[in-house]
Amino acid sequence: MRTTEAGAIDLSIVLCTYRREDLLGKALASIRAQAIPSGTRLTVVVADNSDDGSAASVVAAADAASPFEVRYVAAHPANISVARNAGIRATTSPFIAFIDDDEELAPGWLEAVVKGLREHPHDVFFGGVDPRFETPERVTPAIHTLFSRQIEAPSGQDVVALGKRSERVITVATCNSIFRRATTLADDEPFNPRFGHAGGEDLDLFCRLQARGRRFGWLPDARVSEFVPATRCDPGYLRRRFFAGGQVYAEAVAGNSPSPLATRWWLRAKALVQLGLLALRYPFVRRKGPAAEADFRYRWAGVLGKLSLGSLYPVYRETDPAKRAAS
């Protein structure tokens, strides 16, 4: 089908998972509920990043109930980049989508993806992410932005990983993304394991791809919902996550620039200026209430991450399993 049928689409959906069997089962059920467009071949690959193979039984049950293959892959050691790379190696499909194990596809997701792949020339596509918060009363604007991807733009609108702030209309990430394999995933290890415990492995890849001239596009009708547990709205966790996010942003941008060392120190200099400006704003922020002050502290942590001279903070390897992420 892949080579003989005009307009045929051979797509693999890769889910990386780490001990979230209930959520994984819901994610797989949402894929199973999709209408499969004519001329589309679908495969699902689950890359299990746990040491005990905890997802194997969930995958076996999903495979038995699905009209398409649901394939199980063990991915060791625990490292999100290792899991993503294992998922890529487990399929030969020319199109590969990534969703997280805490996400569920909205109705029509697959139809929107296939339509986008047939109509637009971009190398990577991104769809919307709608968060479902376990504790919505704790959500501040910064938290909502962190777990969301929402813009008003037509199908095929160009988006970027790097550029002026006005050009970076979304945060590019692998959650709900679709790749043309030949132009984007040809490296031996597309996702760098160095980022695998701190996150940012996807930003590192997108920076690399943009430097190579690859194009990114928006698919407004390819939406997913994402479950956000109470632990991910914990202020301490969020400050650590924003700090790690600042670190990996600086490392990814500098590492994919023509002059990595100079760029890294330039980013640190900019971070110092940002800290000064934030400090001047703090008295006004305090007057706006606890939510505004919490968001200020998250932003402060992110800027400190950009300034950091230390190693990447392993936010995905924290001791409490509830705070770990396979996304």
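In case you missed it, the structure is sitting above this.
Quick look at the structure, then. Predicted model only: the values in this text are computed from it and were never measured.

1. Structural notes on helix α7 (residues 201–211)
Logical step 1: Taking burial as the measure, the 11 residues of α7 include nine buried ones, the bulk of the element.
Logical step 2: Considered for burial, the residues of α7 that qualify are Glu201, Asp202, Leu203, Asp204, Leu205, Phe206, Cys207, Arg208 and Leu209.
Logical step 3: Among the structural elements, α3 (80–89), β6 (124–133), β8 (177–180), α6 (181–184), β9 (216–228) and α8 (235–255) are those in contact with the buried residues of α7.
Logical step 4: Positive phi shows up at glycine 213, right after α7, with a value of about 90°.

2. Thoughts on unusual backbone geometry
Logical step 1: With an omega of -5°, the peptide bond running from histidine 76 to proline 77 counts as cis.
Logical step 2: Turning to its location among the elements, proline 77 is positioned in the loop between β3 (69–74) and α3.
Logical step 3: With a phi close to 55°, arginine 19 is a non-glycine residue in the positive phi region.
Logical step 4: Its relative accessible area of 43% is what places arginine 19 among the partly exposed residues.
Logical step 5: Positive phi is not limited to glycine here, since asparagine 176 has a value of about 60°.
Logical step 6: In this structure asparagine 176 comes out as buried when scored by relative accessible area, which is 0%.

3. Focus on the packing of α8 against helix α10 (residues 290–307)
Logical step 1: Contact geometry of α8 with α10 gives a least axis separation of 6 Å together with a crossing angle of 35°. Where α8 crosses over α10, the handedness of that crossing is right-handed. Contacts between α8 and α10 pair Pro235, Leu238, Arg239, Phe242, Phe243, Gly246, Gln247, Tyr249 and Ala250 from the former with Arg297, Tyr298, Ala301, Gly302, Leu304, Gly305 and Lys306 from the latter.
Logical step 2: For the contact of α8 with α10, the class distribution of residues is nine nonpolar, four polar and three charged.

Thresholds, definitions, all that
Residues numbered from 1 in each chain as written. Predicted model: local features only at pLDDT ≥ 70, side-chain atom pairs only at ≥ 80, totals over all residues. Heavy atoms only, no water. Buried < 20%, exposed > 50% of the residue type's maximum accessible area, 1.4 Å probe, protein only. Helix = DSSP H or I, 4+ residues; strand = E, 2+ residues; numbered from the N terminus. Contact = heavy atoms within 4.5 Å. Axes fitted to C-alpha atoms, helices over the stretch in contact; angles between N-to-C directions. Left-handed = near helix turned anticlockwise from the far one by under 90°. Nonpolar A, V, L, I, M, F, W, Y, C, P; charged D, E, K, R; others polar.

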